[in-house]
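Listed below, chain by chain, are the residues.
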Amino acid sequence: MEKDIILKAENISKQYRLGQVGTGTLSHDLNRWWHQIRGKENPYLKIGDVNDRSTKGTSDYVWALQDINFEVERGEVLGIIGKNGAGKSTLLKILSKVTAPTTGSIKSRGRIASLLEVGTGFNGEMTGRENVFLNGAILGMTKKEITSKLDEIIAFSGCERYIDTPVKRYSSGMTVRLAFAVAAFLEPEILVIDEVLAVGDAEFQKKAIGKMQDISKGEGRTVLFVSHDLSAISTLANRTIVLANGKIKAIEETNKAISIYSSLQSSNAVFCQEPLANFPSLTKVEIVTSEGGTLHANGKSLRINFEINMPGDNYENLAFAFQIINNLNTGVLFTYIFDIDDPLCKKNGINKLSYEFDKLRIYKGNYFIRIHLANSKTREKFQEFDCCSLEVEMINQKEPEWGWQNNVCQYIEDGKWIVSE
Amino acid sequence: MNNTNTSNDWLFEITPKNKFFSLNLKEVWQYRDLLFLFVKRDVITVYKQTVLGPLWYLIQPLFTSVTFTIIFNSVAGINTGTVPPFLFNLAGITVWNYFTACLNGTSDTFKANAGIFGKVYFPRIITPLSVVVSNLIKFGIQFLIFIAFYIFYYLNGASLSLNSLVVFFPLLIVIMGVLGLGLGMLISSMVTKYRDFSYLIGFGISLLMYLSAVMYPMELIKEKLPKYGWIVEYNPLAYIIETARYMLLNVGKVSVLGLLYTLTVTIAVLLIGILVFNRTEKSFIDTV
């Protein structure tokens, strides 16, 4: 059977210049222009580092995306996942024509509408109704189309009562509801969505996910969906692209893609990196599991060792925290330490610090550690990154007859049953 | 359904560069409702939470005209012939204001709309076009006050007469708007990367006013400064304002050659503006 390809990306790359715009930019611009009028290739296309946020590069140019190739079939919901800065949003921006790729091309057989952030172009002074028209027109609808759907849009948003009130009087949740409602009634062949579900209350999120399922399943619309919310991705997407450092790591069936993504979270028990020159930074994170490596048995003791580098002694109010996060990107455990309570980094250079769980009872599954290092007073964040994966298994536990199923729970407590006589 | 994937049945293609000159008028037409809604938004929201509201439209040109009349006519003694100096200044200022409003409004298109441009695609040219159209409404209101004073002076016995060419006045305003649009698009494209231009435009406009025959007849500058008069003479803005006064008040001199020159410059500025604007819109979000 021949596939019905609605969208095709070929060799998409996007280069960004780092640093600030200044006189250096002007000289590069002139040089580029000079090459161009002589019919030569842009000299800055040959250079550029791989897009890795945490390492220091040598070049002023960085490839936010490199050699992206994929095809989307009609009616498919394609998920896109990746760490912060992996290039997800850049890809969506290119798809929705907000910015042009540096090289490559995207071919499409349908209109693309994007929902990069809801409420774009809302004007506080205008009423809800006026904003529905304005926002709809910005998203590419004609006045006629909007008029014909106005009642449905207002009903879906659940803001009937406020529809003739200026939007500046709305609560932020109401604004989002109205904005999502407009976008949900768009009728492009391809809809691009970025993280919109992170807003609104639980009821509305459910409604929004349901609406998106209708859009893709019932109405046969093609959807490209970017999110950090792996559970939303797994309910909605058929296939998923995993992006890492601006390149495609995998295009797989969603569940498989999610496990590839989880394994990307650096699969080592020990994590080391170079210290930062001007800020406190972590140089080493090491987990000491019960079974060795990254494998840990539920209920056994776990120790995590940290090394923090202090570049100078003017860093009071240091706050350090870590999370243990599961493969659906949900935090299951959080703990912190404040310098004001417990002076934790007393000297310049490397300071050592450990955390110990007597009995770590998180349920079987794959987890990783997320580090937060900040100033508790100014709220300035020095570092936030993911490291050290952790694989928990139910080893040496009395196994239920049906075996330990996945995703039954996140945590097991050591209680006891009391059966009355 | 036609599923044969030949390479040329794509609806559109996203590529790194636009063609050298591409103004997709069909697409702009599809988004005409957006243009209308932007104009509506500008008109609705401009004077929200002000007490005098749209009266501000009138206060500004009136006060400027009064000031000019006192300084340039009473103190400096510029002769405006049979026409009352106040009316002479009001005519110049009304037309000049339309130009500056268009230029100011369009020249920060990219900077002011970076938020919305960074999220949704629509033909970017809709935004500067909406500025020019909504300023046209403002100009209309200001022009009404000019007409009111015209009638007032006429009834009080001033010798005023319209020139028969006044039927072409709307065309002249269109030329003025197009010139502001073209220049504004050009500047807005350059501002995205180099903010220096937005400083330039602030005092640039006020300097330009003195070179545009707003508060003096063009003849006068040629007579008083024969060496530098050509600067004003070759300024298309000065020519438009002179022509406007010629049409409305029947003063000054207008030549076909001058008009042709103005028209050529306007079209050239518009084309260059669109060209640069199109090149910028594809990737300005990376540099703004």
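These numbers come from a predicted model, not from an experiment.

What exactly am I supposed to notice about the overall build of chain A here?
Helix and strand counts for chain A stand at 8 helices and 19 strands. Out of the 421 residues belonging to chain A, those deemed buried represent 38%. Within chain A, counting contacts between residues at least 6 apart in sequence, those at least 24 apart form 68% of the total.

What is the right way to read the overall build of chain B from this model?
Of the regular secondary structure elements, chain B holds 13 helices and 1 strand. Walking chain B from its N terminus toward its C terminus, one meets helices and strands in the order β-α-α-α-α-α-α-α-α-α-α-α-α-α. Structurally, chain B occupies a C-alpha span of about 80 × 45 × 40 Å along its principal axes. Among the 288 residues that make up chain B, the fraction classed as buried is 37%. For chain B, the proportion of contacts with a sequence separation of at least 24, taken over those separated by at least 6, is 82%.

Please clarify how the domain arrangement of chain A should be interpreted in this entry.
Accessible area lost upon the coming together of the parts serves often as the stated size of an interface. Once the domains are mapped, chain A shows domain 1 (68–263) and domain 2 (270–393). For domain 1 of chain A versus domain 2 of chain A, the distance between C-alpha centres works out to 35 Å.

Before we go on, may I ask you to explain the sheet that holds strand 12 (residues 281–288) of chain A in this structure?
Two pairing modes exist for strands in a sheet, parallel and antiparallel, and in both the strands are linked by backbone hydrogen bonds. All names here are of chain A. One open sheet holds the 4 strands; their spatial order is 11-12-14-17, and the pairing between them is antiparallel. Strands with a single pairing partner mark the edges of an open sheet, and in this sheet they are strand 11 (270–272) and strand 17 (349–357). Going from strand to strand, the sheet's axes swing by 15° on average, the running direction of each strand aside.

Even after reading the chapter, I still don't get helix 13 (residues 256–281) of chain B, so can you show me in this structure?
Working note: α-helix, 3.6 residues per turn, so residues spaced by three or four point in the same direction. Residues and elements named next belong to chain B. Taking 1.5 Å per residue, 26 residues should reach 38 Å; helix 13 reaches 37 Å between its end C-alpha atoms and fits that length. Three or more residues of helix 13 are buried, namely Thr262, Thr266, Val269, Gly273, Phe277, Asn278, Thr280 and Glu281. In this structure, the buried side of helix 13 is in contact with helix 5 (109–112), helix 8 (169–191) and helix 12 (236–249).

Please clarify how the packing of helix 3 (residues 128–138) of chain A against helix 2 (residues 32–45) of chain B should be interpreted in this entry.
Between two packed helices, what matters for the description is the angle formed by their axes and the separation of those axes. Put simply, helix 3 of chain A and helix 2 of chain B touch, their axes get as near as 9 Å, and they point 140° apart. In terms of axis orientation, helix 3 of chain A runs oblique to helix 2 of chain B. Note on packing geometry: the crossing formed by helix 3 of chain A with helix 2 of chain B is left-handed. Note on element contacts: helix 2 of chain B touches helix 3 of chain A through Asp33, Leu34, Leu37 and Arg41 of chain B, opposite Phe133, Leu134, Ala137 and Ile138 of chain A. For the contact of helix 3 of chain A with helix 2 of chain B, the class distribution of residues is 6 nonpolar, no polar and 2 charged.

In this structure, what is going on with the interface of chain B and chain A? I would like to understand it.
Contact residues are listed per partner, giving 29 residues for chain B and 37 residues for chain A. Going through the elements one at a time, strand 1 (12–14), helix 2 and helix 6 (114–117) of chain B are the ones with two or more residues in the side of chain B that touches chain A. Considering each element in turn, the side of chain B that touches chain A owes the most residues, 6 residues, to helix 2 of chain B. Residue composition of the side of chain B that touches chain A, grouped by class: 14 nonpolar, 7 polar and 8 charged. Summarising the sheet, strand 5 (residues 103–108) of chain A and strand 1 of chain B pair through 3 bridges and their orientation is antiparallel. Along strand 1 of chain B, the bridge assignment pairs Ile106 of chain A with Ile14 of chain B.

Any chance you could explain unusual backbone geometry here in plain terms?
Most peptide bonds are trans, and most residues other than glycine sit at a negative phi. Residues and elements named next belong to chain A. Located in the positive-phi region is Asn11, a residue other than glycine, with phi close to 50°. For Asn11, a count of 12 C-beta atoms within 10 Å puts it in the exposed group. Look at Lys97: it is not a glycine, yet its phi comes out positive at around 65°. Turning to its location among the elements, Lys97 is positioned in the loop between helix 2 (88–95) and strand 5. Owing to 17 C-beta atoms within 10 Å, Lys97 belongs among the partly exposed residues under this scheme.

Help me out: how do you make sense of helix 8 of chain B in this one?
The first and last C-alpha atoms of helix 8 of chain B sit 33 Å apart over 23 residues, in line with the 33 Å expected at 1.5 Å per residue. The element helix 8 of chain B is extensively covered by neighbouring structure, given that 17 of its 23 residues are classed as buried.

Explain the sheet that holds strand 18 (residues 365–375) of chain A to me, please; I cannot follow it from the model alone.
Residues and elements named next belong to chain A. Read across the sheet, 5 strands follow the order 13-19-18-15-16 without closing on themselves; strand pairing throughout is mixed. Of all the strands in the sheet, just strand 13 (295–297) and strand 16 (331–338) have a single pairing partner and so form its edges. Across the sheet, the mean angle from the axis of one strand to that of its neighbour is 30°, orientation sign disregarded. For strand 15 (residues 318–326) and strand 18, the ladder comprises 9 bridges, and the chain directions are antiparallel. Residue Leu318 lies in a different strand from strand 18, and its bridge partner there is Asn375.

Please explain the confidence of the model for chain A as it appears in this structure.
In regions of low pLDDT, the predicted coordinates are not meant to be interpreted in detail. Confidence in the prediction for chain A averages 81 pLDDT; 85% of positions are at 70 or higher. Taken element by element, the predicted model of chain A shows its lowest mean pLDDT in strand 2 (residues 49–50) of chain A (62) and its highest in strand 16 of chain A (92).

Please explain the packing of helix 3 of chain A against helix 4 (residues 143–157) of chain A as it appears in this structure.
All names here are of chain A. At a closest axis distance of 10 Å, the pairing of helix 3 and helix 4 adopts a crossing angle of 125°. When the axis of helix 3 is compared with that of helix 4, the two are oblique. With respect to the hand of their crossing, helix 3 and helix 4 are arranged in right-handed fashion. Facing Val132, Phe133, Gly136 and Ala137 of helix 3, the residues of helix 4 in contact are Lys143, Ile146, Leu150 and Ile153.

Would you take a moment to explain the pairing of strand 19 (residues 381–393) of chain A for this structure?
Consecutive side chains of a regular strand alternate in pointing toward one face of the sheet and then the other. All names here are of chain A. Two elements, strand 13 and strand 19, share 3 bridges in a ladder whose sense is parallel. Across the sheet, residue Ala297 finds its bridge partner in strand 19, namely Glu393. Between strand 18 and strand 19, which pair antiparallel one after the other, the connecting turn spans 5 residues, and Arg379 there sits at a positive phi close to 65°.

I'm lost on the environment of Val408 of chain A in this one. Help?
Inspection of the secondary structure puts Val408 of chain A in the segment after strand 19. When the C-alpha atoms of Val408 of chain A and Gly124 of chain A are compared, they prove to be 46 Å apart, with 284 residues separating the residues in sequence.

Is there a simple way to explain the environment of Gly85 of chain A in this structure?
For Gly85 of chain A, the position within the fold is in the loop between strand 4 (77–82) and helix 2. Measuring from C-alpha to C-alpha, the distance between Gly85 of chain A and Ala208 of chain A comes to 26 Å, with 123 residues separating the pair along the chain.

Would you mind showing me how to read the confidence of the model for chain B here?
Residues and elements named next belong to chain B. Scored by pLDDT, chain B has a mean of 83; 93% of the residues are at 70 or more. Segment residues 1–7 is flagged for pLDDT under 50; beyond a separation of four residues in sequence, or across chains, it makes 3 contacts in the model. Model confidence for the complex is summarised by a pTM of 0.71, with the ipTM given as 0.79.

Criteria and cut-off values
Residues numbered from 1 in each chain as written. Chains lettered and ligands numbered in written order. Predicted model: local features only at pLDDT ≥ 70, side-chain atom pairs only at ≥ 80, totals over all residues. Helix = DSSP H or I, 4+ residues; strand = E, 2+ residues; numbered from the N terminus. Buried ≥ 20, exposed ≤ 12 C-beta atoms within 10 Å, placed from the backbone. Contact = placed C-beta atoms within 7 Å. Domains from an automatic or database assignment. Pairing = 2+ DSSP bridges. Axes fitted to C-alpha atoms, helices over the stretch in contact; angles between N-to-C directions. Expected span 1.5 Å × (residues − 1). Parallel < 35°, antiparallel > 145°, perpendicular 65-115°, else oblique. Left-handed = near helix turned anticlockwise from the far one by under 90°. Nonpolar A, V, L, I, M, F, W, Y, C, P; charged D, E, K, R; others polar. pLDDT = per-residue confidence, 0-100.

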